[in-house]
Amino acid sequence: MTATRPDDPHAPLPPSLPTDTPFRLLVEAVEDYAIFLLDAYGRVATWNNGARRIKGYDASEIVGRHFSVFYPPDAIAARKPQQELEMAARAGRVEDEGWRIRKDGSRFWANVVVTALHDPQGTLIGFAKITRDMTDRLRLAELQHARELSAHVQSALENERASISRELHDDLGQQLAALKMQVSILRTGAADAHVVQQALAQIDTIIGSVRRISAGLRPPVLDDLGLFAAIDWLVCDFRRRFDLAIRLDIDGDEDGLDTAASTSIFRLVQEALTNVVRHAHASEVRISIVCARSRCILTIEDDGRGADITRARPDGTFGLLGMGERVRQLGGAIEFRSAPGEGFSIRADIPLPGPARDEP
Ligand SMILES: Nc1ncnc2c1ncn2[C@@H]1O[C@H](COP(=O)(O)OP(=O)(O)O)[C@@H](O)[C@H]1O
Ligand SMILES: [Mg+2]
């Protein structure tokens, strides 16, 4: 076909098209974004190639259906689709990220922008929705996190080994050498009661050192007292050392928690309280642990200065990441909520091991 130069006065006029068509063709052809319109009730009104590719429906299958079919059941139960439209209608535009469902039932991680559309009189006529499939990016970010975490765990392990070996050598090693000297004096038969007394005192010091070194490896209060009492002890310790107001509510019983779960919950509370001391400038912290039926829900909230957690994780920080990893290893879920000036809250939902108990 010959190209027509637009400045050629003899060029034939292009076939006249309805004015909206080139734009509609453009939108329909886009493959990387699902771009479609909803009517004011949230029913799908148009559909493009990207929407078909990302969500799996043909236009004929989806036009006219309510857009809540794209949401997972828990989001529907929480009225998320309606809330999204209400917010867009109020604010003009809303952006969200979350899991969505394809026609075949599989999930994808979506970035969604909903824009409210009004007629010239200002009446709401519908919504424009743009959805991007971010699953690959999410997986990549998770992989990156996992790599960093594993490198951090490796170096933490190395550091811990080095410190245990130092303790064993400098402390236990020296004391055992001293004890050996005392015992060899005893063997010569020249020793008096005083040397025996010294040797006994030396043995007591050694026992104390062994306790101290092993306490660094695992909180001994956990074994001695059990989780709830150990957390009570931890909370009292923070109250005393940092003059922090902490409310602690514990409900249910700890029998369903195995060693792994109780160690993780203890470390979670410890890290969260350390964060409050380091970052929050809070006047109050509320901790609640509810173990009932087949799960344990742990929440830790402070009223401090909060943080913008939508921003990338600061370099070299592993506390929150480690909390997430601990909870994931137990098959649970963790959620952080915070914004500058609005405190910081952590909610972990941990399934109790063993067969699911009967719901009352
Ligand atoms: N309770 C809190 N209040 C305010 N900011 C917090 C709180 N907990 C965590 N943060 C913020 O989150 C970041 C990451 O926390 P974390 O992963 O524990 O790393 P670190 O404590 O080593 O900085 C902190 O640097 C801080 O900015
Ligand atoms: Mg921390």
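Owing to the predicted nature of the structure, the values given are computational and were not obtained by experimental measurement.

Attention now goes to the UniProt feature "domain: PAC" (unreviewed entry) in the chain. Within the UniProt annotation, "domain: PAC" (unreviewed entry) is assigned to residues 94-146. Overall, residues 94-146 shows 23% helix and 57% strand. The separation of its end C-alpha atoms is 31 Å.

This brings us to the domain arrangement of the chain. Split into domains, the chain comes out as domain 1 (21-133), domain 2 (139-217) and domain 3 (220-351). Once you take the C-alpha centre of each, domain 1 and domain 3 turn out to be 37 Å apart.

What follows concerns the coordination of the magnesium ion (ligand 2). All of the protein donors around the magnesium ion (ligand 2) are Glu271 (OE) and Asn275 (OD1); their distances to the metal are 2.1 to 2.2 Å. Linking Glu271 with Asn275, this pair stays in helix α10 (residues 259-280), spanning four residues, or about one helical turn. Note on Asn275: relative accessible area 15%, which makes it buried.

Before going further, it helps to examine the site of ligand 1. In the vicinity of ligand 1 there are 13 residues, among which Asn275, His279, Asp302, Gly319 and Leu320 approach most closely. At a separation of 3.4 Å, an oxygen atom of ligand 1 approaches a polar side-chain atom of Arg278. Here Leu320 contributes a backbone N or O atom positioned 2.9 Å from an oxygen atom of ligand 1. Broken down by secondary-structure element, the contributors of at least two residues to the shell around ligand 1 are α10 and α11 (319-329). Here the element with the most residues in the shell around ligand 1 is α10; it accounts for five residues.

Strand order in the open sheet made by the five strands is β5-β6-β7-β9-β8, with mixed pairing throughout. Whereas interior strands pair on both sides, the edge strands pair on one side only; in this sheet they are β5 (246-252) and β8 (333-338). For this sheet, the mean inter-axis angle between neighbouring strands, taken without regard to orientation, is 5°. Docked against the sheet, helix α9 (residues 227-242) engages β5 and β6 (285-292), running at close to 175° with respect to β5. Against the sheet, α10 makes contact with β5, β6, β7 (295-302), β8 and β9 (344-351), and its axis sits at roughly 10° relative to β7, the strand it touches most.

The grouping of Val183, Leu186, Val196, Leu200, Ile203 and Ile207 at the surface amounts to a nonpolar patch, some 460 Å² of accessible area in total. Those elements that provide at least two residues to the nonpolar patch are α6 (135-188) and α7 (193-217). Broken down by element, the nonpolar patch gets its largest block of residues, four residues, from α7. By the secondary structure assignment, Leu186 is in helix α6.

Rules and cut-offs
- Each chain carries its own residue numbering, running from 1 in the direction its sequence is written.
- Note on labels: chains are lettered from A, ligands numbered from 1, in written order.
- Predicted model: local features are reported for residues with pLDDT of at least 70 only, side-chain atom pairs are reported and counted for 80 or more only, and whole-chain, interface and lining totals are derived from all residues.
- Note that water and hydrogens are dropped before the side-chain values are worked out from all heavy atoms of the structure.
- UniProt positions are given in the numbering used here, feature names are shortened, and annotations may be inferred rather than shown by experiment.
- In this description a helix means any DSSP run of H or I spanning at least four residues, a strand means any run of E spanning at least two, and both kinds are numbered starting from the N terminus.
- Those domain boundaries reflect an automatic or database domain assignment.
- Only nitrogen, oxygen and sulfur atoms qualify as donors, provided they sit within 2.8 Å of the metal or within 3.2 Å for Na, K and Ca; with water excluded from the atoms, sites may seem incomplete.
- For every residue, the accessible area (1.4 Å probe, protein chains only) is compared with the maximum for its type, and the residue is labelled buried under 20%, exposed over 50%, or partly exposed between those bounds.
- By convention in these notes, a residue is near a molecule or strand provided one of its non-hydrogen atoms lies within 4 Å of it.
- Residues adjacent in sequence count toward polar contacts only when both atoms are side-chain atoms; beyond that, a polar contact is any pair of N or O atoms within 3.5 Å, and within protein one must be able to donate a hydrogen and the other to accept it.
- Two strands form a pair only when DSSP identifies at least two bridges running between them.
- Axis lines are fitted to C-alpha atoms, over the contacting stretch for helices. Their N-to-C directions set the angle, which ranges from 0 to 180 degrees.
- Here, residues are in contact when the closest pair of their heavy atoms is within 4.5 Å.
- Within this analysis, patches are made of residues with over 30% relative accessible area and no salt bridge. Like charges are joined at 9 Å or less; nonpolar side chains (Val, Leu, Ile, Met, Phe, Trp, Tyr) at 5 Å or less.
- Here, Shrake-Rupley sampling with a 1.4 Å probe gives the accessible areas, and only protein chains in the shown set may cover a residue.
- Each salt bridge in this description consists of a side-chain nitrogen of Lys or Arg and a carboxyl oxygen of Asp or Glu lying within 4 Å of one another.

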